[in-house]
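# Structural features, examined
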Amino acid sequence: MAHPLRTADHLRPQRALKGTMTDVPYRFDRNATAAGLAADYADLGIGEETGVTVRVAGRLMLRRDQGRLTFGTLRDSSGAIQLFAGVKWTADYDSFSHLNLGDWIGAEGEVVRTRTGELSVKVTSWVRLAEARRSFGDKFRGITDVDLRYRQRYADLWANEGSRDTLLARSRIISATRRWLEDRDFVEVETPIFHPIPGGAAARPFTTHHNALDVDLYLRIAPELYLKRLVVGGFERVFEIGRVFRNEGLSPRHNPEFTMLELYQAYADYGDMMELIESLVAHLATVMLGTTSLVYAGRELDLSTPWRRASLSDLVEEQTGRRYTIETPIDELRAAAGGYGIPVSGAWGPGKLLLEIYEKTTEAALWGPVFVTDYPKEVSPLARDHRDQPGMVERFEGIVAGRELCNAFSELIDPDEQKARFEDQARARAAGDDEAMAVDADYLRALEYGLPPTGGLGLGIDRLVMLLTGAEAIRDVIAFPTLRPEAPEAPDGPAGGPDEADRAG
RNA sequence: GCGCCUCUAGCUCAACGGCAGAGCAACGGACUCUUAAUCCGCAGGUUCUGGGUUCGAAUCCCAGGGGGCGCACCA
């Protein structure tokens, strides 16, 4: 954005229309949409008229003035339809032929197909529903300035059709996810966004304050601990699709607020979670793309089930040719991590070292889909001990297109063990790890009432949408991504006009 | 936080040390079947900001600001 200061002097002058169609109505009775007309009259022959009068509404995106004829392209949320106006049959023709691109209009007329074959509404009467006092950028090339696209999404959505398609796809993906889970007896719930104790993930939280209670609260970094409380309360299958907040950096793959699906299933373990999530993702790909084979970032990706399962240590060995486990002598792990350029902390145990080595050498090289299984207990304070491997837990991450798509485990249900894990985290926190978890005494109390064996899973909805829409930036799948606020001395809105007196108050 | 790149008219872009331009939009006009209509005309600028070098800076240098990408952090 070249000019943070955008004055109003480039606004179009308000244009008073001549004739009788000048009052802006409070409502408009539309009875047809662009897509509906295209479907209903697909067989209408060239030059034919239907005798059917319809009322359409939308934004005028293109205008082709021929003198005594004017063609307009009207876009509504379903698609585009041509408006066909003529001096002989259109009321206030002169004003119609001078409408600005971007104006919202409602029009009434007969459905016809022009002599050149374009399905059209032959406008007899029309009304301007709103004036566009700003233009929508280059009508052919749209808006390409990424900052402008994200800041003024309302303009981007008209200037770049792909933006709208992506957000529509997001809606369909979330809707299909809900339906799929509900069909399997999952119950959707809502849990608090204000948390007195941030928990459920390793991340720095945002802090806020409640005045009446005079307490600091945290915006949730994950809904996990509340959802498991609901399982304790008898909800055997629950899920939540909601916003979580992490006070971390921004990147093409990170937004400080993002949408997470978390679900918990009683009587299930992490193996069940693998089957569930690979089925769900394959289903969504089929719904959205008609296939489980897709191309992302120029590379083929096959989401058909079953996905590969491989242990973290095995994958590191595949990638590096060296085998590391939590049994590897710690000096050897430290040396190896240092050799990969990892700034090793003396406080790290073998589990943390192993995880760091995996993330540095292997994770980004995995294209997937693959379930990376069996993580060190040291780095997984909420996952249950592995039934066969001491020091490990039953946890997996689903890696797709080189990124973590989901994280799941057989949930830790033993309150004593959970208490010990929390205390380990608290020690790490005291030692300076500001992403370590805090002790949540109420959560321990809930576990003391009894959490049944439970499988749990968290999945990043934004990344899933990226995958299924081909978006390579998380900002493309979020309508209003987090941006640095515009300079406060640069009002650029309805109140930002040159007439300062209007703002006195 | 660090590194690299970038910022010119409302939008999309030229000019790259020598008169700041084009297309679209807007504004005025011509045109009875257009499809990014076409054509004629008019208007539009603190070249992100502030310094510096130079006879001369949009262009080169320094500092600051916005944005992008990478690293780090993370999902």
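Coordinates for the structure precede this section.
The notes below deal with the structure included here. (Residues numbered from 1 in each chain as written. Chains lettered and ligands numbered in written order. Predicted model: local features only at pLDDT ≥ 70, side-chain atom pairs only at ≥ 80, totals over all residues. Heavy atoms only, no water.)

## A few points about empty space enclosed by the protein
Gaps left between atoms are located by rolling a probe of water-molecule size over the structure's atoms. Basically, it comes down to this: In this analysis, the protein atoms alone were mapped onto a 1 Å grid. Cavities are point sets where a 1.4 Å probe fits without being able to get out; pockets are open sets with protein on both sides within 12 Å along at least five of seven lines; lining residues have an atom within 4 Å of a point. Grid points are joined across faces, edges and corners, and a volume is the space filled by probe spheres set on the points. Segments assigned H or I by DSSP are reported as helices when at least four residues long, segments assigned E as strands when at least two residues long, and all are numbered from the N terminus.
Inspection of the entire model under this criterion finds three cavities of 30 Å³ or more. Here the largest cavity is characterised by a volume of approximately 50 Å³. In this structure, the largest cavity is lined by Tyr296, Val400, Ala401, Arg403, Glu404, Leu405, Arg463 and Leu467. The set of elements that each furnish at least two residues to the lining of the largest cavity consists of strand 17 (403-410) and helix 13 (461-469). For the lining of the largest cavity, the leading source of residues is strand 17, giving three residues.

## Some words on helix 12 (residues 441-449)
We apply this condition: Burial here depends on accessible area, computed with a 1.4 Å probe over protein chains only, as a share of the maximum for the residue type. Under 20% is buried, over 50% is exposed, and the range in between is partly exposed. This arc corresponds to the set of directions leading from the helix axis out to the C-beta atoms. Contacts: residue pairs with any heavy atoms within 4.5 Å of one another.
All of the buried residues along helix 12 are Tyr443, Leu444, Ala446 and Leu447. Projection of helix 12 onto a plane perpendicular to its axis shows the buried side chains occupying an angular sector of 155 degrees, all on one side. Residues Ala441, Glu448 and Tyr449 are exposed on helix 12 and point more than 90 degrees away from its buried face. Turning to helix 12, the residues buried within the fold contact helix 6 (224-232) and helix 11 (415-430).

## Re the packing of helix 6 against helix 12
The axes of two packed helices give the description: the angle between them and the distance between them. This is how the line gets drawn: Lines fitted to C-alpha atoms define the axes, with helix axes restricted to the stretch in contact, and inter-axis angles between N-to-C directions lie between 0 and 180 degrees. Orientation is classified from the angle alone, with under 35 degrees giving roughly parallel, over 145 giving roughly antiparallel, 65 to 115 giving roughly perpendicular, and any other angle giving oblique. Each crossing is labelled by how the near helix is turned from the far one, with a counterclockwise turn of less than a right angle marking it left-handed and a clockwise turn marking it right-handed. Only Asp, Glu, Lys and Arg are considered charged in this grouping, and only Ala, Val, Leu, Ile, Met, Phe, Trp, Tyr, Cys and Pro are considered nonpolar; every other residue, Gly among them, is considered polar.
Put simply, helix 6 and helix 12 touch, their axes get as near as 9 Å, and they point 25 degrees apart. The orientation of helix 6 relative to helix 12 falls into the category roughly parallel. Here helix 6 and helix 12 pass one another in a crossing that is left-handed. Facing helix 6, whose interface residues are Leu225, Lys228, Arg229 and Val232, helix 12 presents Asp442, Tyr443, Ala446 and Tyr449. Split by residue class, the contact of helix 6 with helix 12 holds five nonpolar, no polar and three charged.

## Thoughts on the sheet that holds strand 1 (residues 49-65)
Where we set the bar: A pair of strands is treated as paired once DSSP finds two or more bridges between them.
Sheet architecture is closed into a barrel: five strands sit in the order 1-2-3-5-4, paired in mixed fashion. Direction aside, the axes of adjacent strands within the sheet are offset by 50 degrees on average.

## Structural notes on the pairing of strand 15 (residues 370-376)
Among the seven residues of strand 15, seven are classified as buried, and the element is accordingly described as predominantly covered. Here strand 15 runs beside strand 16 (residues 392-400); their pairing, made up of six bridges, is antiparallel. For Tyr375, the partnering residue across the bridge sits in strand 16 and is Val393.

## Points about the side chain of His386
What counts here: The term polar contact refers here to a pair of N or O atoms within 3.5 Å; inside protein, the definition further demands a hydrogen-donor-capable atom paired with an acceptor-capable atom, and it admits residues adjacent in sequence only when both atoms are side-chain atoms.
Its place among the elements puts His386 in the loop between strand 15 and strand 16. In this structure the side chain of His386 is engaged in a polar contact, spanning 2.9 Å, whose partner is the backbone nitrogen of Asp388. Contacts of His386, omitting those with residues within four sequence positions, involve Tyr270, Asp374, Met392, Val393 and Glu394.

## As for unusual backbone geometry
That bond from Thr305 to Pro306 is cis: its omega, -5 degrees, falls within 30 degrees of zero. Note that Pro306 resides in the loop between strand 13 (299-302) and strand 14 (308-311). Cis rather than trans, the peptide bond between Gly368 and Pro369 has omega equal to 0 degrees. With phi around 70 degrees, Tyr267 is a residue other than glycine that occupies positive phi space. Mapped onto the elements of the fold, Tyr267 is located in the loop between strand 11 (257-266) and helix 7 (270-289). Judged by relative accessible area, which is 56%, Tyr267 ranks as exposed.

## Points about the pattern of salt bridges
What counts here: Salt bridge criterion: a side-chain nitrogen from Lys or Arg within 4 Å of a carboxyl oxygen from Asp or Glu.
Per the stated rule, a full pass over the model turns up 35 salt bridges. Across the salt bridge formed by Asp385 and Lys377, the nearest N and O atoms sit 3.3 Å from each other. Residue class for Lys377 comes out partly exposed when judged on its relative accessible area of 24%.

## Quick word on the sheet that holds strand 7 (residues 194-195)
Spatially, three strands are ordered 7-9-8 in an open sheet, and the strand pairing comes out antiparallel. Whereas interior strands pair on both sides, the edge strands pair on one side only; in this sheet they are strand 7 and strand 8 (207-210). Summarising the sheet, strand 7 and strand 9 (residues 215-219) pair through two bridges and their orientation is antiparallel. Following the sheet pairing, Phe194 is matched in strand 9 by Leu219.

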